[in-house]
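Structural features, examined
Each chain, written out:
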Amino acid sequence: MKYFLFLFFIINSVSAQTCDIENELKNVEALTLKGHYTDALAIVTQLYTCDTLSDAAQIELSIWEYKLYRNTTEKKKAYKAMRKARKIFKDKNIVPSTDQEILIAESYATVRKDEKYEKSISKIDFDQLDTLNKVRYFFSKFLITDKVGDTYTAIDYLQKGLAVVGDTSDHYKSAILMGLGNMHSILADYDKALSFYQRELDLLSSVYSPDHMSIAKSNYHIGNMYYGKLAYQKAVDHYVKAHKVWHKVYPPDFRYMRYLNEAMGDMYWELGDKKNALKYFNLATLDQKNTDKDISKSYINQADSLLNKGNYSEAMTYYNDAYEWRKNTFGKNHVVTGACQNFVARAIGSSGNIEAALDSYQVAIDILVKEMDSTSRYENPTLDMTFQSHHYLLESLIAKANLFRKLYNKNSNIKDLKAAFDTQTLVVDVLDEMKNKQSSDASKLFWTNHVSSVIEEGIATAIQLHKLTKDRMYLEKAFLFSEKNKALLLLSVIQEQDITSFSRVPEETIQEETALKKDTVSYTHLRAHE
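Since we're looking at a predicted model, the values are computed, not measured. (Residues numbered from 1 in each chain as written. Predicted model: local features only at pLDDT ≥ 70, side-chain atom pairs only at ≥ 80, totals over all residues. Heavy atoms only, no water.)

Let's talk about the overall build of the protein chain
Under the convention used in this document: Labels follow the DSSP assignment, with helices taken as runs of H or I lasting at least four residues and strands as runs of E lasting at least two, numbered in each case from the N terminus. In this scheme, a residue with accessible area under 20% of its type's maximum is buried, one over 50% is exposed, and one in between is partly exposed, where area comes from a 1.4 Å probe on protein chains only. We call two residues in contact when some of their heavy atoms are within 4.5 Å. To measure how exposed things are, a 1.4 Å probe is used in the Shrake-Rupley method; for residues, cover is taken only from the protein chains shown.
Across its full length, the protein chain holds 24 helices and zero strands. Counting all 530 residues of the protein chain, 49% fall into the buried class. Expressed as a percentage of contacts within the protein chain between residues at least 6 apart in sequence, the contacts between residues at least 24 apart total 61%. Total accessible area on the protein chain is roughly 26,600 Å²; 53% of this is exposed by carbon and sulfur atoms.

Next comes the structure, spelled out in structure tokens:
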């Protein structure tokens, strides 16, 4: 009997301690700040079982549950948690505080419920917000804007959030930095993306333990950027750090685990370590379940491999599958769907079907330029239109100009030669506009050198058109192109000197590299890894 009384006393003591809402939520906050979201969530779940919870306490618990699921990127569970709070507000006729109202709006943005978000955020008086809620406001605007693929506007909201966040919230600051990394990665500006991912990693490393999932995810993103820059050893170094954490949490067939294993296999292969390459390739193919549909990257990787082997038709199948998946997932007009359409067009062009490739690139251009709605290969965008990505658009236009030249050489139709020249002219104009956008110096240098070869081809096209038409305008255009090319080459030298001097590369090394680069007239644009 004494034993049962003693046990009853212990149970009730624990229950009383657990139901001390105020103190337990202080523990939840402390655990959250350290990134121990699972432990914090366990306390919140236990507190739900308390007998006499007030409406205010239930709301507070629901909001904490929302935050914790949000922080672990479990968006649906986060939304359901906030829905519990909203129900109490509605049923008990309670008016949410400003903090609560903006978190409700954020919850709608997290699951991309546009209309409900706009209705909720319209209740907010921005001028009355404190610093933290201004950060939440800008971040929620980013989430909604990112959905429609408006990358530059999304970057603008993130930059505004970054400007005010200061030290008010490690969660939002790291999320903003990752968002900026993601957006610049979409724009294929790997250097700028890398700088934001590195800042995110530095921040997370100052707060969390080295084996935290957020740090692993940051290392994965950084690895992807080095992959895009072809810096294989640096890429694999960061991938290894991510792998040490992920393989303890994710099963081998989980899609992100497969992506990581595939990427590590690629890097080891490029580094000449075939043994490790095969090890990770094998891990990437373990039990690939048909129910896992998030496979656009896998399709693209397989298509690239087939294309390099000259197997155009089979590569096309994989590129088309990747395009369809992205279209269904992100939407027909999203920037990453347009990027994938470039892959499809490239494969068609490699097969020798010039006209079909032109039409396919036109589809990509229509996606990447919002106001474009013409399927005619002879139509080009104008500079007053909205470009979702200058980088992907340049890929489309450069390829389009080259294909028109090939089509003219095949059919001798002067309309195609004129179309090539018009497109080459637009390429130069787009580059000029891109210089005013948020691109890194290294990215601008890359495209400056790349477009220089297009200008050289443009000069040749203009001279050829003058011979055919006797129109002096084309000679004048050739002269302007020549002057533009001199300016670009000068800019390239200045930019490269700035970058290399900043990195303190020895002068003799720079001179040697410059001499080697004189013979290089074009570059292969790096594929984006999102």
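Digging into helix α19 (residues 354-368)
Owing to its 3.6 residues per turn, the α-helix aligns residues three or four sequence positions apart on the same side. The following threshold applies: One less than the number of residues in a helix, times 1.5 Å, gives the span that helix is expected to have.
In this model α19 runs 21 Å from its N-terminal to its C-terminal C-alpha over 15 residues, within 8% of the 21 Å that 1.5 Å per residue would give. Elements in contact with the buried residues of α19: α17 (312-330), α18 (335-350) and α20 (390-411).

Considerations on the side chain of Arg70
We count it as follows: Polar contacts, as used here, are pairs of N or O atoms within 3.5 Å; protein pairs need one atom able to donate a hydrogen and one able to accept it. Residues neighboring in sequence count only if both atoms are side-chain atoms.
Counting through the fold element by element, Arg70 comes out in helix α4 (residues 55-71). Arg70 gets classed as buried once you look at its relative accessible area, which sits at 14%. Here Glu106 takes part through its side chain, which lies 2.9 Å from a polar atom of the side chain of Arg70. Contacts of Arg70, omitting those with residues within four sequence positions, involve Ala78, Leu103, Glu106, His171 and Tyr172.

Topic: the packing of aromatic side chains
Put simply, the test is: Stacked, edge-to-face and tilted labels apply to pairs of Phe, Tyr and Trp rings (six-membered ring for Trp) whose centres lie within 6.5 Å, assigned for plane angles under 30 degrees, over 60, and everything in between, in that order.
All chains considered together, the criterion is met by 17 aromatic pairs. Centre to centre, the rings of Phe139 and Phe142 are 5.5 Å apart; their planes meet at 45°, and the pair counts as tilted. With Phe139 and Phe142 both in helix α8 (residues 131-147) and three residues apart, the pair spans about one turn of that helix. Phe139 gets classed as buried once you look at its relative accessible area, which sits at 12%.

Notes on the pattern of salt bridges
Keep this limit in mind: Throughout this description, the term salt bridge denotes a Lys or Arg side-chain nitrogen within 4 Å of a carboxyl oxygen of Asp or Glu.
A full pass over the atoms with the stated rule returns 10 salt bridges. Across the pair Asp55 and Lys92 runs a salt bridge, and its minimum N-O distance is 3.0 Å. One end of the pair, Asp55, is in helix α4; the other, Lys92, is in the loop between α5 (75-91) and α6 (98-110), with 37 residues separating them in the sequence. A residue is classified by how much of its surface remains accessible, and Lys92, at 47% relative accessible area, is partly exposed. Its salt-bridge partner being Lys77, residue Glu74 comes within 3.2 Å of it at the nearest N-O pair. Judged by its relative accessible area of 44%, Lys77 is partly exposed. Salt bridges linked by common partners bring Glu355, Asp359 and Arg377 together as one network.

Focus: the packing of α18 against α20
Put simply, the rule is: In this description, a line fitted to the C-alpha atoms serves as the axis of each element, helices being fitted only across the stretch in contact, and the angle between N-to-C directions of two axes falls anywhere from 0 to 180 degrees. Working definition: roughly parallel below 35 degrees, roughly antiparallel above 145 degrees, roughly perpendicular at 65 to 115 degrees, and oblique for all remaining angles. It is the rotation of the near helix from the far one that decides the hand of a crossing: anticlockwise by less than a right angle makes it left-handed, clockwise makes it right-handed. Put simply, Ala, Val, Leu, Ile, Met, Phe, Trp, Tyr, Cys and Pro go in the nonpolar bin, Asp, Glu, Lys and Arg in the charged bin, and everything else, Gly too, in the polar bin.
Running from N to C, α18 and α20 cross one another at 25°; their axes reach a closest spacing of 10 Å. In terms of orientation, α18 lies roughly parallel with respect to α20. Crossing handedness for the pair α18 and α20: left-handed. Contact residues: α18 offers Val335, Ala339 and Asn342, while α20 offers Tyr392, Glu395 and Ser396. Taken together, the residues of the contact of α18 with α20 break down into three nonpolar, two polar and one charged.

Overview of unusual backbone geometry
The phi dihedral of Asn93 falls on the positive side, at around 55°, and the residue is not glycine. Locating Asn93 in the fold gives a position in the loop between α5 and α6. With relative accessibility at 69%, the residue Asn93 sits in the exposed group.

Re the environment of Phe281
Take Phe281: it is sitting in helix α15 (residues 274-284). Residue Phe281 is classed as partly exposed on the basis of its relative accessible area of 25%. Between the alpha carbons of Phe281 and Asn261 there is a distance of 6.4 Å; along the sequence they are 20 residues apart. Those residues in contact with Phe281 that lie beyond four places of it in its chain are Asn261, Glu262, Gly265, Asp266 and Trp269.

Focus on α18
Compared with the 22 Å implied by 1.5 Å per residue over 16 residues, the 23 Å span of α18 between its first and last C-alpha is a close match. In terms of burial, α18 is a largely internal element, 13 of the 16 residues being buried.

What about the nonpolar core?
The condition is simple: The set of buried Ala, Val, Leu, Ile, Met, Phe, Trp, Tyr and Cys residues whose side-chain atoms join them within 4.5 Å is what this entry labels a nonpolar core.
Ranked by internal contacts, the top residues of the largest apolar core, which has 95 residues, are Val28, Phe139, Phe142, Tyr239 and Leu260. Beyond its immediate chain neighbours, meaning those up to four positions away, Leu260 contacts Tyr220, Tyr239, Ala242, His243 and Trp246. Counting 27 residues, the second-largest nonpolar core is a separate cluster that includes Ile300, Phe343, Ala399 and Ala419.

Structural notes on the packing of α4 against α5
At a minimum axis distance of 7 Å, the contact between α4 and α5 shows a crossing angle of 160°. Taken together, α4 and α5 sit at an angle that is classed as roughly antiparallel. The way α4 lies across α5 gives a crossing that is left-handed. Note on element contacts: α5 touches α4 through Lys77, Ala78, Ala81, Met82, Lys84, Ala85, Ile88 and Phe89, opposite Asp55, Gln58, Ile59, Ser62, Ile63, Glu65, Tyr66, Tyr69 and Arg70. For the contact of α4 with α5, the class distribution of residues is 10 nonpolar, two polar and five charged.

A short note on a positive patch on the surface
Our working definition: In this analysis, a patch consists of residues with relative accessible area above 30% that form no salt bridge, clustered at 9 Å for like charges and at 5 Å for the nonpolar side chains Val, Leu, Ile, Met, Phe, Trp and Tyr. When charges are counted, Lys and Arg contribute as positive and Asp and Glu as negative, whereas His and the chain ends are disregarded. To locate a charge, the coordinates of NZ of Lys, CZ of Arg, CG of Asp or CD of Glu are taken.
Residues Lys76, Lys80, Arg83, Lys113 and Lys116 make up a contiguous surface patch of positive charge. It is α5 that provides the largest number of residues to the positive patch, a total of three residues. Within the secondary structure layout, Lys116 lies in helix α7 (residues 114-121). The class for Lys116 is partly exposed, based on a relative accessible area of 44%.

Some words on the environment of His466
Mapping His466 onto the fold places it in helix α22 (residues 441-469). C-alpha of His466 to C-alpha of Glu476: the two residues are 10 residues apart in sequence and 9.7 Å apart in space.

Here we look at the environment of His171
With respect to the element layout, His171 can be found in helix α10 (residues 170-186). Sequence separation between His171 and Leu203 is 32 residues; the distance between their C-alpha atoms is 9.8 Å. Contacts of His171, omitting those with residues within four sequence positions, involve Arg70 and Asn71. In this structure the side chain of His171 is engaged in a polar contact, spanning 3.3 Å, whose partner is the side chain of Asn71.

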